[in-house]
Amino acid sequence: MPAIVERFGAHVADATGALNRVSMRELIFSDASAKDTLQALLHPLIQQHMHNAICTAFAQPGITHVVCDIPLLVESNHWRKSLSKVWVVDCDEQTQMTRVTARSQLSQQAVQAIMASQASREQRLRAADVVVYNQGIGFDGLRQQVNSSAALLELS
């Protein structure tokens, strides 16, 4: 956070010193270079943290797989070469919009702008080795798909 505040100003931090997501979102959608600057600050730190966490996990007895949740994997050219398989959890865009709007309390227009700035559903699906469909199936159905897909990967 100190580097982010130094670069962008105090308005990007809330009263507790945490990231003010509303302020940062407004900034990166109004200034194209702000997003690149933020990513240049964060990505090396995130990559190092993930590398350390993966090494720690594999050092534990019996650990043979590690799952990394990388929201902007398709947008970043760095991650794909480091992964053995890419799983995409998919739903239609209307469902995605409904879920994000409910979770984040953002307007539909704000969610549309965010989605438009990210890889499309088709791009994410093309990048996938495994697709898990998370729509209209409930948690048990989702768990069954994940377990079935994992078992198939163990066989290959």
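Structure report, in brief. (Residues numbered from 1 in each chain as written. Predicted model: local features only at pLDDT ≥ 70, side-chain atom pairs only at ≥ 80, totals over all residues. Heavy atoms only, no water.)

**Focus: the packing of helix H4 (residues 93-104) against helix H5 (residues 108-117)**
For the pair H4 and H5, interaxial distance at closest approach is 10 Å and the crossing angle is 120 degrees. As the angle between them shows, H4 and H5 are arranged oblique. At the point where H4 passes H5, the crossing takes the right-handed sense. On H5, the residues touching Glu93, Gln96, Met97, Val100 and Thr101 of H4 are Gln108, Val111, Gln112 and Met115. (Axes fitted to C-alpha atoms, helices over the stretch in contact; angles between N-to-C directions. Helix = DSSP H or I, 4+ residues; strand = E, 2+ residues; numbered from the N terminus. Parallel < 35°, antiparallel > 145°, perpendicular 65-115°, else oblique. Left-handed = near helix turned anticlockwise from the far one by under 90°. Contact = heavy atoms within 4.5 Å.)

**Let's talk about the side chain of Asp90**
If you trace the backbone, Asp90 turns up in strand S1 (residues 87-90). Not counting residues within four places of it along the chain, the set of residues in contact with Asp90 comprises Arg121, Leu125, Val131, Val132, Tyr133 and Asn134.

**What about the pattern of salt bridges?**
Summed over all chains, the structure comprises two salt bridges. Put simply, Arg121 and Asp90 hold a salt bridge, and the shortest N to O gap is 2.7 Å. With Arg121 in helix H6 (residues 121-127) and Asp90 in strand S1, the pair connects residues that are 31 residues apart, well separated along the chain. Judged by relative accessible area, which is 23%, Arg121 ranks as partly exposed. (Salt bridge = Lys/Arg side-chain N within 4 Å of Asp/Glu carboxyl O. Buried < 20%, exposed > 50% of the residue type's maximum accessible area, 1.4 Å probe, protein only.)

**Details of a nonpolar patch on the surface**
Taken together, Phe58, Ile63 and Val66 make up a surface patch of nonpolar side chains, about 230 Å² in accessible area. Along the chain, Ile63 falls in the loop between helix H3 (32-58) and S1. (Patch = residues over 30% accessible without salt bridge, like charges linked within 9 Å, V, L, I, M, F, W, Y side chains within 5 Å. Areas by Shrake-Rupley, 256 points an atom, 1.4 Å probe, with all protein chains shown as cover.)

**Section: the pairing of S1**
Only one face of S1 is covered, namely the face carrying Val88 and Asp90; the face carrying Trp87 and Val89 is uncovered. Across four bridges, the pairing between S1 and strand S2 (residues 130-133) is parallel. Within the sheet, the bridge partner assigned to Trp87 lies in S2 and is Val130. (Pairing = 2+ DSSP bridges.)

**Section: the environment of Pro61**
Looking at the element boundaries, Pro61 is found in the loop between H3 and S1. The exposure class assigned to Pro61 is exposed, which follows from its relative accessible area of 75%. Along the chain, Pro61 and Met1 lie 60 residues apart, while their C-alpha atoms are 35 Å from each other.

**Some remarks on helix H2 (residues 21-30)**
Count 3.6 residues to each turn of an α-helix, and residues three or four apart come out pointing the same way. Within the span of H2, buried status applies to Ser23, Met24 and Leu27. End-on view of H2: buried residues confined to an arc of 95 degrees, all on one side of the axis. Of the residues in H2, the exposed ones pointing more than 90 degrees away from the buried face are Arg21 and Glu26. Its buried side turned inward, H2 meets helix H1 (2-8) and H3. The backbone nitrogen of Val22 lies 3.2 Å from a side-chain oxygen of the residue at the head of H2, namely Asn20. (Arc of directions from axis to C-beta. Polar contact = N/O pair within 3.5 Å; in protein donor to acceptor, adjacent residues only side chain to side chain.)

**Examining H4**
Helix length check: H4, at twelve residues, gives a terminal C-alpha distance of 16 Å against a target of 16 Å (1.5 Å per residue), a fit within 8%. Tucked into the core, H4 has its buried residues touching H5 and H6. With a side-chain oxygen positioned 3.2 Å from the backbone nitrogen of Gln94, the residue opening H4 is Asp92. (Expected span 1.5 Å × (residues − 1).)

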